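Secondary and tertiary structure notes
Spelled out from the first residue to the last, the chains are:
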Amino acid sequence: MSSSPSPSSRVAPLAWLVLVVAALSGALWWWMIGRPVPLPDAPTSRIACVSYAPFRRAGETPLDLHAYVSPAQIDADLRALSQRFDCVRTYSQAFGLNAVPEIAERYGMKVLMGIWLGRDLASNEREVSMGIATATAHPGVLRGVIVGNEVLLRGELSSKALAAYVNRVRAGTHDTHVPVTYADVWEFWLRYPEMADAVDYITIHILPYWEDQPVEPKDALAHVAEVYAKVKNRFPGRSVMIGETGWPSQGKQRHGAAASLVNEARYMREFLRYAGTVDMPYNVIEAFDQPWKREQEGTVGGYWGIFDDQARPKFSMQGPVVEEPRWHLGLAAGAAGLVLFLLAAPWRRHWQGAKGWLALALAGFASGTAMAWQFRQIWFAARNSLDWVFSLSMCVLAFATAIGLARWVATRLAGEMPTTAPKRRLRFAWMFGLTFYGLLLVFDGRYRDFPLGLFWPPALGYLLAALLEAGRNAIVPTVEERLLSCALPLLAAGVVAQEVGLNPATWLWLGLNLAFAAAVWIEWRRSSRLQAHQA
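Okay, so let's go over this structure. (Residues numbered from 1 in each chain as written. Predicted model: local features only at pLDDT ≥ 70, side-chain atom pairs only at ≥ 80, totals over all residues. Heavy atoms only, no water.)

Moving on to helix α4 (residues 121–137). Taking 1.5 Å per residue, 17 residues should reach 24 Å; α4 reaches 24 Å between its end C-alpha atoms and fits that length. Taken residue by residue, α4 has N124, E127, V128, G131, I132, T134 and A135 as its buried positions. Looking straight down α4, one finds that the buried residues subtend no more than 165° of arc, so they occupy a single side. Exposed residues on α4 whose side chains face more than 90 degrees from its buried face are R126 and A137. Looking at the buried residues of α4, the elements they touch are α3 (100–106), β4 (110–115), β5 (142–149) and α6 (159–172). Measuring from the side-chain oxygen of the N-cap residue of α4 to the backbone nitrogen of A122 gives 3.1 Å; that N-cap residue is D120. (Helix = DSSP H or I, 4+ residues; strand = E, 2+ residues; numbered from the N terminus. Expected span 1.5 Å × (residues − 1). Buried < 20%, exposed > 50% of the residue type's maximum accessible area, 1.4 Å probe, protein only. Arc of directions from axis to C-beta. Contact = heavy atoms within 4.5 Å. Polar contact = N/O pair within 3.5 Å; in protein donor to acceptor, adjacent residues only side chain to side chain.)

And the structure:
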């Protein structure tokens, strides 16, 4: 074994501190999301109306123009929903959804029936014709016909063309006395006030999470009340309905608006308490989680349901709520990581004593909890088999990288010098991948999650390796590494600025970018000083 001296008295304690903090942070995070969170109870478990889309199974999507939902599936869904909801809102006449009013009537439910409009004029014609026919056949079950959903927001029709469709449906359903409306984000009613002349009542969407300036959960209900009053004042004497409101249970945090199960439960309970104190018709988005929406809106798009995609309630309307009931699995993953790291120790081991074993144990536990953190994110975010294969492959690579780095760090902390240095090419690959993803976050990050659990183990491993590297073995970082080490913190700081410093994940992202960069900076400075000394 090498007779190289032990790490300096200043560096070694810092390395031990990093390992201990990493292990404790992993345990603490899993423990915290497993604690019951007290919330105010809702006044009732029943909800006036809920958006209904049946596309909750793998492969089901309205983006497939040939998709079809059988009456039997709709019947089963509405039979279950009738236990909690008085009404459902639909968005289209296609895919078999024109059968909803007839089936809802069997269960004593009302329907806000949707007619989908967009750029495709032929499709619009079919929707309008089918909508008029369905409304005429089942007027008694309809609370209203919604002609178009967020068409102005998407910029797919002009207000004039949209009003023409609304007036056509009003004329076609005049004898049924069913009110006709149009639904859009509240700002677009203020931007196109002429639409109010075409409808019987105004339907607005208020989604605090999706606002241009996202609203934190604690302020969400005050925001809803303020917006509702603003629209009522803008259109005096007109009835205003909230056509969509809700909160996502998973996905990327926007500023201070965190997508979480606890926050969804909090918002729904507080909204129901508020709705019970005012004379305000409303509809909640949505009945079931919609996996297909992750294609368009990232992870968060698939998790607005009161029920999950297996039709199971996601939370109760009374009592405490737990963010992650399976939190103990994260600690079990930490223990598994600890064991795997220790099992990797005997291979070509160059140290003796307890210090090396302890360093491996701490690194293994921290890496295991981090990989479990990343796996939990994959569980919610993965859209298809390709996503799963790629994501899990990256996790295996990260775990293997962490094992190699932990063995090197353990050898140094045990007072010995490893015979080989950490692989710089692999570090460059991790830095390149981090830079690429950082660019995506800066320029196209609205729907992208932060893969923190994936990058943190390699980041800390390379940082500790750089700190513990002996001076006489100083390595000169490549030009490419030095360039990336300058770019990484700047990109990460840009992400923090975009979230105005309110998103904790952005600060963790900045931290891991700095860890990778610092590893290069330490080597860069050390090699420069060594070269100057030799000169």
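The next subject is the sheet that holds strand β7 (residues 202–205). Taking strand neighbours across the sheet as the criterion, the seven strands line up as β2-β3-β4-β5-β6-β7-β8 in an open arrangement whose pairing is parallel. Two strands in the sheet have a free side with no partner beyond their single neighbour: β2 (50–51) and β8 (240–244). As judged from the three bridges shared by strand β3 (residues 87–89) and β4, these two strands associate in the parallel manner. Opposite V88, over in β4, you have V111 as the bridge partner. Each of β4 and β5 touches α4; the most contacted strand, β4, lies at about 160° to it. (Pairing = 2+ DSSP bridges. Axes fitted to C-alpha atoms, helices over the stretch in contact; angles between N-to-C directions.)

The next point concerns the pattern of salt bridges. As enumerated under the stated definition, the model contains 24 salt bridges in all. D308 is the partner of R312 in a salt bridge, and the nearest nitrogen-oxygen pair spans 2.8 Å. Overall, the relative accessible area of 14% leaves D308 in the buried class. Connected via shared salt-bridge partners are R424, R427, E469, E481 and E523. (Salt bridge = Lys/Arg side-chain N within 4 Å of Asp/Glu carboxyl O.)

In this section: helix α14 (residues 424–444). For α14, which comprises 21 residues, the first-to-last C-alpha distance of 29 Å matches the rise-based estimate of 30 Å (1.5 Å per residue) to within 8%. For α14, the full list of buried residues reads R424, R427, W430, M431, L434, T435, G438, L441 and V442. One face of α14 carries all of its buried residues, which in axial projection span an arc of 140°. Seen from the buried face of α14, the exposed residues on the opposite side, beyond 90 degrees, are R425, F436 and F443.

Turning to the packing of α14 against helix α16 (residues 479–498), a few remarks are in order. The interhelical angle for the contact between α14 and α16, taken along N-to-C directions, is 30°, at an axis separation of 9 Å. As the angle between them shows, α14 and α16 are arranged roughly parallel. Crossing geometry of α14 relative to α16 is assigned as left-handed. Residue-level contacts link R424, R427, F428, M431, F432, L434, T435, G438, L439, L441 and V442 of α14 to E480, E481, L484, S485, L488, L491, V495 and Q498 of α16. Here the residues of the contact of α14 with α16 are counted per class, giving eleven nonpolar, four polar and four charged. (Parallel < 35°, antiparallel > 145°, perpendicular 65-115°, else oblique. Left-handed = near helix turned anticlockwise from the far one by under 90°. Nonpolar A, V, L, I, M, F, W, Y, C, P; charged D, E, K, R; others polar.)

One can find L463 in helix α15 (residues 452–468). With 445 residues separating them in the primary sequence, L463 and V18 have C-alpha atoms 9.8 Å apart. Those residues in contact with L463, other than ones at most four positions away along the chain, are A515, A518, A519 and I522.

Here β7 shows no split at all, with I202 and I204 on one side and T203 and H205 on the other all buried. Relative to β7, strand β6 (residues 180–185) runs parallel, the two being bridged by three bridges. When the bridges of β7 are listed, D184 appears paired with I204. Viewed along the sheet, the connection from β6 through helix α7 (residues 186–191) into β7 turns out right-handed. As paired strands, β7 and β8 are joined by four bridges and run parallel to one another. Within β8, the position partnered with I204 by the bridge is I242. You can see the chain leave β7, run along helix α8 (residues 217–234) and come back into β8, and the turn it takes is right-handed. (Right-handed = clockwise from strand over helix to strand, strands pointing away.)

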